[in-house]
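An overview of the molecular structure
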Amino acid sequence: MSLSTKHLLGLQNLPREDIELILDTATTFREILDRPIKKVPTLTGTTVVNLFFENSTRTRISFELAQKRLSADTVNFSTASSSTKKGETFKDTVRNIEAMKIDIIVVRHQSAGVPTFLTRISNASIINAGDGFHEHPTQALLDFYSMKEKLGNIEGKKVCIVGDIAHSRVALSNIYGLLSLGAKVSVCGPPTMLPRSIENLGVKVYYDINSAIKENDILNVLRIQLERDAGNAIPSLREYHKYFGITKERLDKYNKDILILHPGPINRGVELTSEVADGEYQIILDQVTNGVAVRMAVLYLLGTLPS
Ligand code: CP
């Protein structure tokens, strides 16, 4: 079985079969992560460059570990120490890196569309590690893997994405992928954090967090993206927390069976209280562990495509 695409740019147009193939393949790799020697020779001879133009902890380390676990040759590019600081263009930077015979490029960039642009100027397989407000497909895939691991199946499950939807690439990738997998998807947040006409994507809208907690199986709680001006959409973080914050009291009162996910990094005391972030309802660090397996699956499936 192989993917229908050479690149992973987003989940908007990725067939359900491709999503399921990635999740099934990740199960095999997840098992490797529990072995004493967490390494297989699968991608020996494959060269991957990680192009991160925007800050990252989880995604960057997770991709790098996934590449090392698969025995790929891996190189990290960081803007701060690169010749982009001397005025080299993005296109020249990529062309020069690719001239060193790169097979896969993993890219994170603050501008939406950069991964798609890369497919036009490079022959490598491109993996989107988060582009602006647009998509973050591997985050959504690891969310789905973690939901399945805990609840068995996603089809028919009610999943609500909570918070700063307008600034979130995680929200869009989750919405596209969850709808494709047959979940009932909703969003919840202040009107100023919800894009106009979001219902047209096929999601229900909640403005009341207590109803969202009561009526859903899973909450995927998003970070308030202060670096993308999200602070201007709400009067204060304290007020946001009062009306939309996930607290143990709310979960205990409205839905003791709910599952809480968060992609990280967390603003503790804003989206979630620390009691919830570290408590019995959440699977936040399981998401991080599973992220390595999911990224191994994506790298494996793209790195072994028939030419
Ligand atoms: N979830 C996520 O993308 O985290 P990082 O920004 O740390 O990679």
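Above this text you will find the structure in question.
In this report, the structure presented in the accompanying data block is examined. Just so it is clear, the structure is predicted and the values come from calculations on it, not from any experiment.

What counts, and at which threshold
Residues numbered from 1 in each chain as written. Predicted model: local features only at pLDDT ≥ 70, side-chain atom pairs only at ≥ 80, totals over all residues. Heavy atoms only, no water. Helix = DSSP H or I, 4+ residues; strand = E, 2+ residues; numbered from the N terminus. Buried < 20%, exposed > 50% of the residue type's maximum accessible area, 1.4 Å probe, protein only. Polar contact = N/O pair within 3.5 Å; in protein donor to acceptor, adjacent residues only side chain to side chain. Contact = heavy atoms within 4.5 Å. Near = heavy atom within 4 Å. Areas by Shrake-Rupley, 256 points an atom, 1.4 Å probe, with all protein chains shown as cover. Domains from an automatic or database assignment. Phe/Tyr/Trp six-rings, centres within 6.5 Å; stacked < 30°, edge-to-face > 60°. Pairing = 2+ DSSP bridges. Arc of directions from axis to C-beta. Right-handed = clockwise from strand over helix to strand, strands pointing away.

1. Observations concerning the side chain of Q282
- Checked against the element boundaries, Q282 lands in the loop between α10 (274-277) and α11 (284-303).
- For Q282, a relative accessible area of 17% corresponds to the buried category.
- A polar contact of 3.0 Å, which involves the side chain of Q282, links it to the backbone oxygen of G279.
- A distance of 2.7 Å separates a polar atom in the side chain of Q282 from the backbone nitrogen of I284.
- Contacts of Q282, omitting those with residues within four sequence positions, involve I260, V276 and A277.

2. Side note on the site of the ligand
- Looking at the ligand, the residues that line it are S56, T57, R58, T59, R108, H136, Q139, P263 and G264.
- Summarising the interface, the protein chains cover 91% of the accessible area of the ligand, which totals 260 Å² for the free molecule.
- A domain split of the shell around the ligand shows at least three residues from each of domain 1 (16-135 + 289-303) and domain 2 (137-287).

3. So, the packing of aromatic side chains
- Under the counting rule described, the total for this entry stands at 5 aromatic pairs.
- An angle of 65° between the planes, with centres 5.6 Å apart, marks the rings of F29 and Y300 as edge-to-face. Remark: Y300 occurs in helix α11 and F29 occurs in helix α1 (residues 16-32); sequence separation between them is 271 residues.
- Between the aromatic rings of F53 and F77, the centroid separation amounts to 5.1 Å while the plane-to-plane angle is 45°, which identifies the pairing as tilted. With a gap of 24 residues between them, F53 in the loop between β1 (47-52) and α2 (58-69) and F77 in strand β2 (residues 73-78) connect regions that are remote in the sequence.
- Since its relative accessible area comes to 13%, F53 is described here as buried.
- Here the aromatic cluster, defined as three or more aromatic residues joined through ring pairs, consists of F53, F77, F90 and F117.

4. Section: the pairing of strand β8 (residues 218-221)
- Burial of β8 is two-sided: the residues I218 and N220 facing one way and the residues L219 and V221 facing the other way are all buried.
- Relative to β8, strand β5 (residues 158-162) is paired through 4 bridges, and the arrangement is parallel. Bridging across to β8, V159 finds its partner in I218.
- In this sheet, strand β9 (residues 259-261) lies alongside β8 in parallel orientation, the contact comprising 3 bridges. Among the inter-strand pairings, L219 is bridged to a residue of β9, identified as I260.

5. Details of helix α3 (residues 90-98)
- For α3, the set of buried residues is F90, T93, V94, I97 and E98. Each buried residue of α3 lies within a common arc of 125° when the element is viewed along its axis, so the set occupies one face.
- Packing partners of the buried residues in α3 comprise β1, β2, β3 (104-109) and α4 (114-121).

6. Re unusual backbone geometry
- Omega for the bond connecting G264 with P265 falls within 30 degrees of zero, at -10°, which places this linkage in the cis form.
- Checked against the element boundaries, P265 lands in the loop between β9 and α10.
- In this structure, S197 takes a positive phi of about 65° despite not being glycine.
- Of note, S197 is situated in the loop between β6 (184-188) and β7 (204-206).
- You can call S197 partly exposed: its relative accessible area is 45%.

7. So, the pairing of strand β4 (residues 125-131)
- Within β4, 7 of the 7 residues are buried, which leaves it mostly tucked inside the rest of the structure.
- Pairing of β3 with β4, which is carried by 5 bridges, proceeds in the parallel orientation. Bridge pairing in β4 links I105 to I126.
- Each parallel crossover has a hand, and for β3 linked through α4 to β4 it is right-handed.

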